[in-house]
Amino acid sequence: MNYAGRFNSFIFKGSSVLDAIKEYKTMNGLTHLEFNYPEHIEGYDLNDIREAMGDLKVNGFAIRWRKRFTNGNFCNPDETLRREAIELAKKGTDACRELGGSVVTLWFENDGFDYPFQMNYEKNWEMLVEGIREVADYAPDLKISIEYKPYEERNFAMVDSTGMTLLLINDVDRDNVGCTLDFCHMLMKNDSPACGLAMAASRGKLFGLHMNDGYGRIDSGMIFSSIHLGLSLEFVYYLKKYNYQGVVFFDTFPIREEAKPETQANIDAFEKLLHLVEDTGMKSIEDVISKCDGISAQKLVLGMLK
């Protein structure tokens, strides 16, 4: 598997992006970088970043709209700001390509609403669709990946679930548009992580992963499988079933933990669960699933832990 850690976790107080890359390179198992754009790129020469990376590769960029975009990204009612948000995403695709990345992730953190009668839902949906089409058509060689989150920063996000994400992808109707699934965001929505994975992957639209864990109330960003072991095992099984070949990105937030051991704990957890699935055997797991029986499913999980 190819792995990426949360780059912000390696940016220590007072350190530069180049210093963080140097620290990141000391990790065992990390193969790829995931940058936020523009925050990790602005003010740096791309050649300096490329040189600092060494053997590391870039998987992709996540576009971040900050400060003036709190009233909307692609759905901003101010057309000038809406155009600026779309152009920022397009510039991000250019920088991603220059550093060898292939996936640009769009999380529309401010495209949503807080109050009844605050939004024309159909109009804003069309604004979102048109904006994504523009970015996808601008960078047809890259994967444009939609990441959903049910709430935070708005009380209600326009793209709030696996189902809404797949509806959006269908409406955009571009081959290079798919989705990135964040395990913790799925828990927040009470979506089944593995079910959402299966629906996206079976349609060829699973472009990225954000692996983490939490209690489902907030975006906790805890170590993968630390809370929901059974759901995590099922998720890894379906990744293997659909032959996921992308990067596994650990989007976790070490606050009291140090970045390096916390990231290593993520890698170790994923590798352990992958081996449990492989040791049990895909056919054995499929046989249990075919029974549609909860007792058999529970025995399977406990049996995998022997």
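Above this text is the structure in question.
Reading the values: rules and limits
Residues numbered from 1 in each chain as written. Predicted model: local features only at pLDDT ≥ 70, side-chain atom pairs only at ≥ 80, totals over all residues. Heavy atoms only, no water. Helix = DSSP H or I, 4+ residues; strand = E, 2+ residues; numbered from the N terminus. Rg over C-alpha atoms; globule rule 2.2 N^0.38 Å. Buried < 20%, exposed > 50% of the residue type's maximum accessible area, 1.4 Å probe, protein only. Contact = heavy atoms within 4.5 Å. Areas by Shrake-Rupley, 256 points an atom, 1.4 Å probe, with all protein chains shown as cover. Lys, Arg positive; Asp, Glu negative; His and termini not counted. Charge placed at Lys NZ, Arg CZ, Asp CG, Glu CD.

Caption draft 1: Inspection of the overall build of the chain at higher detail. The helix and strand tally for the chain stands at eleven helices and ten strands. In terms of overall size, the chain behaves like a compact globule, its C-alpha atoms giving a radius of gyration of 19 Å where 306 residues would be expected to give roughly 19 Å. On the principal axes, the C-alpha backbone points of the chain span a range of 60 × 45 × 35 Å. Within the chain, buried positions represent 53% of all 306 residues. For the chain, restricting intrachain contacts to residue pairs at least 6 apart in sequence, the fraction spanning at least 24 positions comes to 77%. Approximately 14,400 Å² of the chain is accessible, and the part contributed by carbon and sulfur atoms is 50%. If the 34 positive side-chain charges of the chain are averaged to one point and the 47 negative ones to another, these points end up 2 Å apart.

Caption draft 2: Looking closely at unusual backbone geometry. Residue Pro-38 follows Tyr-37 across a cis peptide bond; omega there is 10°. Within the element layout of this structure, Pro-38 appears in the loop between β2 (30-37) and α2 (46-53). Cis geometry is found at the peptide bond from Glu-152 to Glu-153, where omega equals 20°. Look at Ser-225: it is not a glycine, yet its phi comes out positive at around 70°. Take Ser-225: it is sitting in the loop between β9 (206-211) and α8 (229-241). Judged by relative accessible area, which is 12%, Ser-225 ranks as buried. The phi angle at Asn-243 is positive, at roughly 55°, despite the residue not being glycine. Relative to the helices and strands, Asn-243 resides in the loop between α8 and β10 (247-250).

Caption draft 3: The arrangement of the environment of Glu-258 in detail. Note on placement: Glu-258 falls in the loop between β10 and α9 (259-280). The exposure class of Glu-258 is exposed, given its relative accessible area of 54%. When the C-alpha positions of Glu-258 and Val-247 are compared, they lie 23 Å apart, and in sequence the two are eleven residues distant.

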